[in-house]
Every structure is written in structure tokens, then in C-alpha cells.
Amino acid sequence: MNPVPVPSDLVYFTERGSGPPLLLIHGLMITGEMFEPVIEHLAARHRVIVPDLRGHGRSRGLAPPYTAAQLASDLSRLLDHLGIDSTAVLGYSQGGAIAQQLVLDHPRRCDHLVLACTYAFNMATFRERIEGHLVPFLVLALGMRRFAKLVASQGLKQLAKERADWVVGLMANQDDKLMVSAWREAMAFDSRRRLAQIRCPTLVVAASNDDAVPFHHAKMLHDGITGSRLVMIDGAGHALIWTHPDEFVRVTSEFLGG
């Protein structure tokens, strides 16, 4: 029997495990492979779906725009293709912005929402605005590999060298011009006025030492999403999924009912 053909405009994805579906949405300038340290644990109880967002990894052939609305629409089409009406959704870093957009634009698609190390608006402070405007110039001047090494030297100090090199490799394989476009769209994302529209059970996961997405972002999400639960992972930074994978899986699984 021939396999069901995959539409040419569908994002690349992998699946693992069985059970209630769980959609994992990766961060900016990386791919779904970022979830490798936790995928087996999550797949023990869930049908885990891991896409590469438009413009990233093996979905880089899909044309712009890379707006949150477009990326959320891509994920909704993926769920249609898989025959999934509703799923738990976990978004990490910028993936959390796309997760918010998905539940706002397609509320019936999401039955549980996990927002990890993410934001409603990532240009909220003077420092963030400076960084937001500076990063595209650094990417184009340095290229993705040297930019990735810079990110690792500043933000991944807690990681062992082998793991840090792995993350650098995932970032270095991205297309610099596509990543600049994706970055600019990410910085334009702003869900602050719509947070109250998110009605599904929501877990906000923050890291106590997250310099990339500081705690005020988690508090903004928690305060804006009625009934949400906020969990702080002490001693972790933005890379908590790689430095504290067991704790990340524990808080996520407890919330999802595992």
C-alpha cells in the first residue's frame, strides 16, 4: 500500500509514541531536534508531534512570511493532515509565542497549553529593544555558525561542552537570511491584549536565572491568562530543557495528567 502523500506546503514533522497527542513547538533559529533530551520521556505517555517551523530546519523550503499567524496556521494544517482535532501544546521560547497564536486563532485545537521560557511581548524593556534591533545585524555580519557560538558563550554556560556544541550545530545549520526574517517577525509578536482570551488550562514554566527571557515575562503571561499555573525552576537558565530535563518533564507531565 502506498503511503498517504504529504502536501508540498506542509511543514516537516516527526512523531514518537502513542496516547493523547502532544504538539511540541521549538524556539527561534533552531529546530524540533531541540526536544531530543526529553522526547522519549514525553513519548512514553503521549503521541508526540514535533514539527520544524516554516523557514527552519527541514521546513526551510517553505516561503515567507514567518509571522506568528502563518506559523500557527501551518500547525493547524499539520493537525488536519494527522487527523487530530485537539491536542496538548507545548511551546518553548519563541515556540511559546506560536503556541499562543495557535490557541488564539484556533482555540478548539488546544486542550492544554504549556508555555516554557517564553513571552507575550519580547520588546518590553530597553535592553530587549536594543537586542531586538541588534541581532539581525550580528547574524548577517557573523553568519549563523559564529553567531551560534556567540550565543552559546553568553547564554549556554551551564551546558557541558558536548551539549553546547550540539546546540551550536543545530543553530549553525539554519539559513542566516531566513533567520533574520524570522527574528524580525518574532520581535513583532504581541499577545498582551489577547491573553484573557486563552481559556484552556495553561502552565507557565519559568527559569529563575533566565537572562534571555527574564521572569517578568512569565509573570505577565501568568497574570494575563486566567487560572494559569506558574512554576519556577530554581537554578535554571533559558536552556533549562537541556540542563534540567528531568525537572522539566516532571512539571510538564504532572500538569498534563501523566
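Source: prediction; values computed, not measured.

1. Regarding the pattern of salt bridges
Counted under the stated rule, the structure contains 14 salt bridges. A salt bridge links Asp 223 to Lys 219; its shortest N-O distance comes to 2.7 Å. Of this pair, Asp 223 and Lys 219 are both found in helix H7 (residues 215-224), 4 residues apart, which corresponds to roughly one turn of the helix. By sharing partners, the salt bridges in this structure join Glu 247, Arg 250 and Glu 254 into a single network.

2. Side note on the packing of helix H1 (residues 36-43) against helix H9 (residues 245-256)
Two elements in contact, H1 and H9, have axes whose closest approach is 10 Å; the angle formed by their N-to-C orientations is 40°. H9 is crossed by H1, and the crossing has right-handed handedness. Two secondary-structure elements touch here, H1 through Pro 37, Val 38, His 41 and Leu 42 and H9 through Pro 245, Asp 246, Phe 248, Val 249, Thr 252 and Ser 253. Here the contact of H1 with H9 is built from residues that sort into 6 nonpolar, 3 polar and 1 charged.

3. Considering empty space enclosed by the protein
For the coordinates displayed, the defined rule picks out 2 cavities of 30 Å³ or more. Cys 117, Thr 118, Val 205, Ala 206 and Ala 218 are, among the 15 residues lining the largest cavity, the residues nearest its centre. Those elements that place two or more of their residues in the lining of the largest cavity are strand E5 (110-116), strand E6 (202-207) and H7. Classifying every residue of the lining of the largest cavity by side-chain character gives 12 nonpolar, 2 polar and 1 charged. For the lining of the second largest cavity, the elements supplying multiple residues, two or more each, are helix H3 (94-105) and helix H6 (176-188). A total of 3 residues in the lining of the second largest cavity trace back to one element, the largest contributor, which is H3. Looking at side-chain class alone, the lining of the second largest cavity contains 7 nonpolar, 2 polar and 1 charged residues.

4. A look at the packing of aromatic side chains
Counted by the stated rule, this structure contains 3 aromatic pairs. Pairing Trp 166 with Trp 242 gives two aromatic rings, centres 6.1 Å apart and planes at 90°, and the pair type is edge-to-face. A residue pair is termed long-range when its members are at least 10 positions apart, and Trp 166 in helix H5 (residues 161-172) and Trp 242 in helix H8 (residues 240-243) qualify at 76 residues. Given the relative accessible area of 24%, Trp 166 is considered partly exposed. Its relative accessible area of 14% is what places Trp 242 among the buried residues. The cationic tip of Arg 163 hangs over the ring face of Trp 166; the distance from NZ or CZ to the ring centre is 4.5 Å. Stacked on the ring of Phe 121, the Lys or Arg Arg 192 has its end atom at 4.0 Å from the ring centre.

5. What about unusual backbone geometry?
Of the consecutive residues Pro 64 and Pro 65, the connecting peptide bond is found in the cis state with omega at 10°. Structurally, the position occupied by Pro 65 is in the loop between strand E3 (47-51) and helix H2 (68-82). In this model, Met 29 sits at a positive phi of 65°, which is unusual for a non-glycine residue. You can see Met 29 is positioned in the loop between strand E2 (21-25) and H1. Positioned with a positive phi, Cys 117 is a non-glycine residue whose angle comes to about 50°.

6. Description of the sheet that holds E6
Read across the open sheet, the 7 strands follow the order E1-E3-E2-E4-E5-E6-E7; overall the sheet is mixed. Because the sheet does not close on itself, it has two edges, and the strands there are strand E1 (13-16) and strand E7 (229-233). The mean angle between the axes of side-by-side strands here comes to 20°, regardless of whether they run parallel or antiparallel. Judged from the 5 bridges that link them, E6 and E7 form a sheet pairing that is parallel. Bridge pairing links Val 205 to Val 231 in E7. Against the sheet, H1 touches E1, E2 and E3, its axis set at about 150° to E3. Packing against the sheet, H3 makes contact with E2, strand E4 (87-92) and E5, and its axis sits at approximately 145° to E4.

About the criteria used
- Residues numbered from 1 in each chain as written.
- Predicted model: local features only at pLDDT ≥ 70, side-chain atom pairs only at ≥ 80, totals over all residues.
- Heavy atoms only, no water.
- Salt bridge = Lys/Arg side-chain N within 4 Å of Asp/Glu carboxyl O.
- Helix = DSSP H or I, 4+ residues; strand = E, 2+ residues; numbered from the N terminus.
- Axes fitted to C-alpha atoms, helices over the stretch in contact; angles between N-to-C directions.
- Left-handed = near helix turned anticlockwise from the far one by under 90°.
- Contact = heavy atoms within 4.5 Å.
- Nonpolar A, V, L, I, M, F, W, Y, C, P; charged D, E, K, R; others polar.
- 1 Å grid on protein atoms, 1.4 Å probe; cavity = no way out; pocket = protein on both sides within 12 Å on 5 of 7 lines; lining within 4 Å.
- Points joined across faces, edges and corners; volume = space filled by probe spheres on them.
- Phe/Tyr/Trp six-rings, centres within 6.5 Å; stacked < 30°, edge-to-face > 60°.
- Buried < 20%, exposed > 50% of the residue type's maximum accessible area, 1.4 Å probe, protein only.
- Lys NZ or Arg CZ within 6 Å of the ring centre and 35° of its normal.
- Pairing = 2+ DSSP bridges.

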